[in-house]
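In case you want the letters, here they are:
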2 protein chains.
Amino acid sequence: MKKIKVSKFSHGGGIYQVAEKYGISPEEIIDFSANVNPWGTSLGLEKIIKENLQSIFRYPDTYCRKLTLLLSNHLGIACDNILVGNGATEIIYLAMRAVKPRYAVIPVPTFSEYERALKLAGGQVKFLYLKERQGFSLNVDALIEKAKKVQMIILCNPNNPTGNLLPGEEMDKIINNAEKKGIATLLDESFIDFQPEFTLVDKLKKNKNLIILRSFTKFFSIAGLRLGYAVADKSLISKIKSFKEPWTVNCLAEVAGIHILKNLKRAEGLREKTKRERSVLYENLCRIKGIKPYPSQANFILIKIKASISSSYLTEELAKGGILVRDCSNFSGLGDKFIRVAVRKKEENRKLICSLNQILTG
Amino acid sequence: MKKIKVSKFSHGGGIYQVAEKYGISPEEIIDFSANVNPWGTSLGLEKIIKENLQSIFRYPDTYCRKLTLLLSNHLGIACDNILVGNGATEIIYLAMRAVKPRYAVIPVPTFSEYERALKLAGGQVKFLYLKERQGFSLNVDALIEKAKKVQMIILCNPNNPTGNLLPGEEMDKIINNAEKKGIATLLDESFIDFQPEFTLVDKLKKNKNLIILRSFTKFFSIAGLRLGYAVADKSLISKIKSFKEPWTVNCLAEVAGIHILKNLKRAEGLREKTKRERSVLYENLCRIKGIKPYPSQANFILIKIKASISSSYLTEELAKGGILVRDCSNFSGLGDKFIRVAVRKKEENRKLICSLNQILTG
C-alpha cells in the first residue's frame, strides 16, 4: 500500500497505521490508545442504525433539531443554548473562531486540539505547566494569575491525559473570576459522563462567557460516527453558529444520539463497569515495576515510565503484539516518559498488564 | 415541538422543516429541492454499511487512507494530490482559509456556500452576474476581465442552480489565464459525474493553482453520510490539509465511498436514467403554461415563473401537497421568480408536473 504522509495530527486511535505497519487487521488490535468506552457496543446502536439506513440518502438536518430538543429536555436548558457538532472537536474550532482570543491560557498537558484551533484562529497560547510532582493537579490561583492578560481560559475536566478532575468549588472560583473579568472559558467536559455530578451545565445561567463542550464519542463509544455539542449562553451559541458549516453532522450520528438520549438508563451501568475495571487496572499497573500509574477520574490512566526506556519504545514494543497505547511524548508539558491507556474490558486489560510485564521485567 | 430559529443557511433538502410545518412525516415528502440522485439507493450501500457497523465504535481515519488510495487509482493521480472531506462543503471552507484571497470573483447565480466561506475567511466577493437573457451562460471574456484584480476564481461546472455546463475549451481558457497570472481557481465539479467527460482532473499537472472539488453526495446519493474530496497540486493539498480538523469524515462515509469506487460499473446506468428522465421532465415542464424551464446538463432543472406569482408562493403551495422544491429567491443574482427541481424517478416527476399544472392553471 502506498504511504500517505501524515504529520498534522497525532492522537490515539491510530489503528489503521499500526495495522498497516505490522501487517495485522485493525480488528486484531486492542486499542488502548483511544479513550472510547468498550461497553458502548451494548447500547443497541447497530439495530437503530439499521432501521434508519434510508436516511443516508437525504441531507442531514444542519441543526439536528430532534437531537437538540432531546438534549434541551435532558439538560433542562433551552434549544438556543445548544449547538450540535461533528464531535466536540468541530466546536473547539468554531468557538475559537467566534471568540477569537488574542491570548488563551491552556494548562498542559492536555488535549492538543485546543492549541491547534487557537493558533489557526490567530490566537497565541500561554501554557500553564501542571507539575508532575503535584500529580499534574491544577493550581487555581496560578491559573487565575496567568489568566490576567488573556481573553480565554481553556480547561478539560476531567483532564486528558492526566485523568484529574477539578472539584466544583475550585471550578467555581475559576469561572466566576473569568465571568467578572469578561474572559471566556472553554470547558471541555468530554469525559464528564464518567462523573456526571461534576458538570457545570447549571452554571450557564450566571456565566455568559462559559462554553461547555460535551461528547457522545467517549462514554457512548460512537467515535466513528462523530457527535458532540456545546452548551452556552444564547448569544454566544448564536455567534458560534454563525461560523458553522452546513451538514457537518451526518444523519446516522443524529439517529444514534437520539437513541442514546432515549435510552440513558441502559448507559447507567457503563459508568460502574468503567469504575470497577479502572480500579482493577490501576491496582495491577501499580504492581508492575518500572512504571507508575496516576489515579484517574476518567476512562483512561496516565502512566509514567520509570524504567530506562522511552515512551516511543514501549509503544512500539506493545504495538508489535497488537496492543495500541497512546505515546504521550507529543503532549505539550510531558516528556518522553509517559503513555496513556484506556480502561477496557477485563480480559483486554489483563492482556495489557501481561504485555507490560513481559516488556518491562521480561 | 419547540421551534429552533434557523437563519444562517438556506438550501434545498429542508424536509425536516417542511414535515414539521405541515405535520407530515419526512418519508411522505417528495424532495425535489435537494439535488440527490434518486437511483443511488440501488448501489447496495445499505448492505455494505450493515456489514461495517462495528466501525462506528472506532475513531475514523482522519485521512481516509483506503479511500484516498482507491481515488488515486481511479483518477490516475497521486494520493498526495487528494484530500477527502465531509462533503465538498468542508473543502470549500478549507480552501478559502488556505488560499485566503482578498478578493474572489463568483459568477452568480451559484451555490451560496462559496460566498459565505469566502467572507468567513476574510475575503470579499466580486460578483459576475450571469444574464438571464443569455440563459445564464458564462461569458469567458467578461470573467477574465473581472478576474484581473482578484486572487481567486470560483466556478461550479455544471453550475448549480442553472444546470449550464461550460465546455472544455472555454474552461481551458479560464484556467490557463488564471495559471499564468497566479490566480487560484476553485472549480466545483460536484455535478460532473452526470457528464464525466468534462472533468478537468487531467489539467492538474499543468495547473498548480487549480483546486477541483468532487462530491459523492449527489450522483451517488449519500447526502446523509457526507463525503467529498478535493484534487489539486501536492503543495496546495498540503496547505489545505494544514487547516483540516481531525476526524471530520465518519467511518461509514468512508466505507460507502470505498464500496462505490469498487462498484463503479453499477453506477454507470444511473447516468443514462438521469438523462432520460431529465429529458422527459424538461419536455413536460415546457408544456406547462406560466413557467419556463432551462436546459440542464446536471440532475436538476432551473425554472422561471412567468405567471404572476412569486417563487415563495409556488414553493409553499407545492409543499402543502408534500412536494418540496427549491425556492431560488435567496440565490444572489436571481429574483423571486425562480425555482429549482431535481430530476427524480418517472412517477415522482409526474406528480410534480401534475401539481404544477394544478397550481398554475387550475
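Remember, it's a predicted structure, so these values are computed and weren't measured experimentally.

Draft legend 1. Representation of the overall build of chain A in the model. Across its full length, chain A carries 12 helices and 13 strands. Its C-alpha atoms give chain A principal-axis dimensions of about 60 × 55 × 40 Å. Expressed as a percentage of the 362 residues in chain A, the buried residues total 62%. Excluding contacts between residues fewer than 6 apart, the proportion of contacts in chain A whose partners are at least 24 apart in sequence is 70%. Summed over its atoms, the accessible surface of chain A is roughly 13900 Å², and 49% of this surface lies on carbon and sulfur atoms. Put simply, chain A has 57 plus and 36 minus side-chain charges, and the middle of one group is 3 Å from the middle of the other.

Draft legend 2. Region of the structure containing the relation of the copies chain A and chain B. Superposition record for chain A on chain B: RMSD 0.0 Å, screw rotation 180 degrees, translation along axis 0.0 Å. What the superposition gives is, in effect, a two-fold axis relating one chain to the other. When each C-alpha of chain A is compared by its distance to the rotation axis, Lys50(A) comes out closest, at 3.3 Å. A share of 100% of the interface residues of chain A reappears at the interface of chain B, consistent with the copies meeting face to face through the same patch.

Draft legend 3. A look at the interface of chain A and chain B. Between chain A and chain B, the residue contacts involve 69 residues of the former and 69 residues of the latter. Applying the counting criterion to the chain A and chain B interface returns 3 salt bridges. Across the pair Glu27(B) and Arg58(A) runs a salt bridge whose closest N-O atoms are separated by 3.5 Å. Scanning the region where chain A abuts chain B turns up 21 residue pairs in polar contact (both at pLDDT 80 or more). Contributing elements (two or more residues each) for the side of chain A that touches chain B: helix H1 (15-22), helix H2 (45-51), helix H3 (65-75), helix H4 (87-99), helix H5 (113-120), helix H8 (234-241) and helix H9 (251-262) of chain A.

Draft legend 4. Inspection of the pairing of strand S7 (residues 210-215) of chain B at higher detail. Residue and element names in this part refer to chain B. Of all 6 residues that make up S7, 6 are buried, and the element is covered over most of its length. Residue alternation in S7 divides its side chains into two sets, Leu210, Ile212 and Arg214 and Ile211, Leu213 and Ser215, and both sets are buried. Bridge count for strand S6 (residues 184-188) against S7 is 4 bridges, and the pairing is parallel. Opposite aspartate 188, over in S7, you have leucine 213 as the bridge partner. Judged from the 5 bridges that link them, S7 and strand S8 (residues 228-232) form a sheet pairing that is antiparallel.

Draft legend 5. How the structure looks around the packing of aromatic side chains. For the structure shown, the criterion picks out 24 aromatic pairs over all chains. Measuring from ring centre to ring centre gives 5.0 Å for Tyr59(B) and Trp247(B), while their planes differ by 55 degrees; the resulting arrangement is tilted. With Tyr59(B) in the loop between helix H2 (45-51) and helix H3 (65-75) and Trp247(B) in the loop between helix H8 (234-241) and helix H9 (251-262), this pair connects stretches of sequence that are 188 residues apart. The exposure classification of Tyr59(B) matches that of Trp247(B), with both residues buried. Aromatic rings pair up to connect Phe194(A), Phe216(A), Phe219(A), Phe220(A) and Tyr229(A) into one cluster. The cationic tip of Lys218(A) hangs over the ring face of Phe191(A); the distance from NZ or CZ to the ring centre is 5.5 Å.

The rules behind these values
- Residues numbered from 1 in each chain as written.
- Chains lettered and ligands numbered in written order.
- Predicted model: local features only at pLDDT ≥ 70, side-chain atom pairs only at ≥ 80, totals over all residues.
- Heavy atoms only, no water.
- Helix = DSSP H or I, 4+ residues; strand = E, 2+ residues; numbered from the N terminus.
- Buried < 20%, exposed > 50% of the residue type's maximum accessible area, 1.4 Å probe, protein only.
- Contact = heavy atoms within 4.5 Å.
- Areas by Shrake-Rupley, 256 points an atom, 1.4 Å probe, with all protein chains shown as cover.
- Lys, Arg positive; Asp, Glu negative; His and termini not counted.
- Charge placed at Lys NZ, Arg CZ, Asp CG, Glu CD.
- Least-squares fit on C-alpha atoms with pLDDT ≥ 70 in both.
- Salt bridge = Lys/Arg side-chain N within 4 Å of Asp/Glu carboxyl O.
- Polar contact = N/O pair within 3.5 Å; in protein donor to acceptor, adjacent residues only side chain to side chain.
- Pairing = 2+ DSSP bridges.
- Phe/Tyr/Trp six-rings, centres within 6.5 Å; stacked < 30°, edge-to-face > 60°.
- Lys NZ or Arg CZ within 6 Å of the ring centre and 35° of its normal.

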